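Summary of structural features
Here are the chains, one letter per residue:
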Amino acid sequence: MFPKKYFIMAPLYQWMNSWNSVSNFSNIANHEEVTNQQNLFIKEKKGTYYYDIHGKLIEQIDSDEYKRYIVMDAPNENGNGGKYHITIPNKATIARMKKIGKDMPKCEEGIAVATDGSCSSKDAIGNKEKITSTQWEGSLKELLNKGKTIAYLIHSHPVQIDSTPVLIGSEKPSVIDLEAQFFENQVGAIISWQNVFNKPVQGYSHDKNDYIAYISFYCKINDSVLMHMSLWNFENKFGNL
C-alpha cells in the first residue's frame with residue numbers, strides 16, 4: 001500500500017509530465033526551419049523602394065526583384081546636377097562599416113558592396129593614398145563568383161591621431177578616387193572621421209574616443225558629395241529598412 005504522501009504528490013507528477021511533454025524540444029520548431037522560412041519570406045518580397053536621405057520612403061515601384069535605394073541630389077553646378085541613387089547596405093555591411101569606423105585604420109581599407117546590399121567577406125587593404133585595382137580584385141571576384149553584381153565601393157581615408165600634427169583624411173573624394181572604377185549610378189563612398197568631442201583650442205585630439213566616423217557618398221561626374229552623415233546616424237536611418 002502506498003503512503004498517503006504519494007496520493008498528495010501524484011497530481012503534481014502528472015502535471016509535470018504533462019508540461020514536459022509540451023515543452024520538449026521535439027515540439028519546438030526547428031531553428032533551421034524557421035530561418036529558412038524567414039529567408040523564403042525575404043526572397044518573396046518584391047518591389048523597388050526609394051528612400052530620401054532622411055530614411056523616408058518616397059517612391060515604390062512594382063518589380064520582380066527586391067531592391068532598396070537612397071536617392072540623393074547633386075548640386076546643379078555647371079549643369080551636372082541631378083538625382084543619384086545607391087543601394088542600401090544590409091545590416092552585416094553596416095556592421096563592417098562601423099568596424100572600420102571603430103578601428104580608425106592608418107591606411108585605406110575598402111568594402112565592395114553588391115546590389116543586394118551584401119558585401120565581400122574581407123576588406124581590401126591599400127596604403128595611405130589609395131587602394132589599387134589589384135588590391136580590390138579579391139573582394140570584387142568574391143562577389144562576382146557568387147553571381148552578384150557590384151553596386152559601389154566604400155573606402156576609408158586614413159587617420160593618424162598618434163602623430164604630430166594629427167592627420168585626418170578628407171570626407172571629399174581625391175583625384176585618385178575619381179579615377180577609380182565606378183559601378184552603380186557612378187557613385188562611391190568614403191569613411192572619414194571628425195574630432196567632435198573635447199577638441200583642443202588648437203589642433204586635434206589624440207584620443208580616439210573624441211572622434212566620430214562619417215560616411216560620404218559622392219558622384220564621379222562632378223565630384224560632388226551627395227550625402228555626409230555619421231555612421232551612427234546612417235545606421236539609425238537605414239539599418240532597419
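Residues numbered from 1 in each chain as written. Predicted model: local features only at pLDDT ≥ 70, side-chain atom pairs only at ≥ 80, totals over all residues. Heavy atoms only, no water.

For the chain, the helix and strand inventory stands at six helices and twelve strands. Every one of the 241 residues in the chain was classed for burial, and the buried ones make up 40%. In the chain, the proportion of contacts linking residues at least 24 apart, taken out of those at least 6 apart, comes to 53%. Accessible area of the chain: about 14800 Å², with a carbon and sulfur share of 53%. (Helix = DSSP H or I, 4+ residues; strand = E, 2+ residues; numbered from the N terminus. Buried < 20%, exposed > 50% of the residue type's maximum accessible area, 1.4 Å probe, protein only. Contact = heavy atoms within 4.5 Å. Areas by Shrake-Rupley, 256 points an atom, 1.4 Å probe, with all protein chains shown as cover.)

At a minimum axis distance of 10 Å, the contact between helix α3 (residues 91-103) and helix α6 (residues 231-238) shows a crossing angle of 170°. By the criterion of interaxial angle, the relationship of α3 to α6 is roughly antiparallel. Within the contact between the two elements, α3 uses I94, M97, K98 and G101 and α6 uses L231, F234 and E235. (Axes fitted to C-alpha atoms, helices over the stretch in contact; angles between N-to-C directions. Parallel < 35°, antiparallel > 145°, perpendicular 65-115°, else oblique.)

In this section: the layout of surface pockets. The gaps left among the atoms become clear once a water-sized probe is rolled over them. Considering only enclosed or pocket space, the second largest pocket measures out at about 360 Å³ in volume. Of all the secondary-structure elements, those providing two or more residues to the lining of the second largest pocket are α4 (133-145), β7 (150-156), α5 (175-179) and β10 (187-195). Among the residues forming the lining of the second largest pocket, the class breakdown is eleven nonpolar, five polar and four charged. (1 Å grid on protein atoms, 1.4 Å probe; cavity = no way out; pocket = protein on both sides within 12 Å on 5 of 7 lines; lining within 4 Å. Points joined across faces, edges and corners; volume = space filled by probe spheres on them. Nonpolar A, V, L, I, M, F, W, Y, C, P; charged D, E, K, R; others polar.)

This part takes up the sheet that holds strand β2 (residues 57-61). As summarised here, the arrangement of the four strands in space is β2-β1-β3-β4, forming an open sheet in which the pairing is mixed. The two strands at the open ends of the sheet, each matched to only one other strand, are β2 and β4 (82-87). Averaged over all adjacent pairs, the angle separating strand axes in this sheet is 30°, with direction ignored. Sheet topology places strand β1 (residues 47-51) next to strand β3 (residues 66-74); five bridges connect them, and they run parallel. Bridging from a neighbouring strand, Y51 pairs with I70 of β3. (Pairing = 2+ DSSP bridges.)

This next bit is on the nonpolar core. Grouped together as the largest cluster of nonpolar side chains are 36 residues, with contacts concentrated most on I70, M97, I154, W193, I215, F217 and F234. When residues in this core are grouped by element, the largest group, five residues, is from strand β11 (residues 211-219). Membership of the second largest hydrophobic core comes to nine residues, among which are A112, A124, L140 and L143. (Core = buried A, V, L, I, M, F, W, Y, C linked by side-chain atoms within 4.5 Å.)

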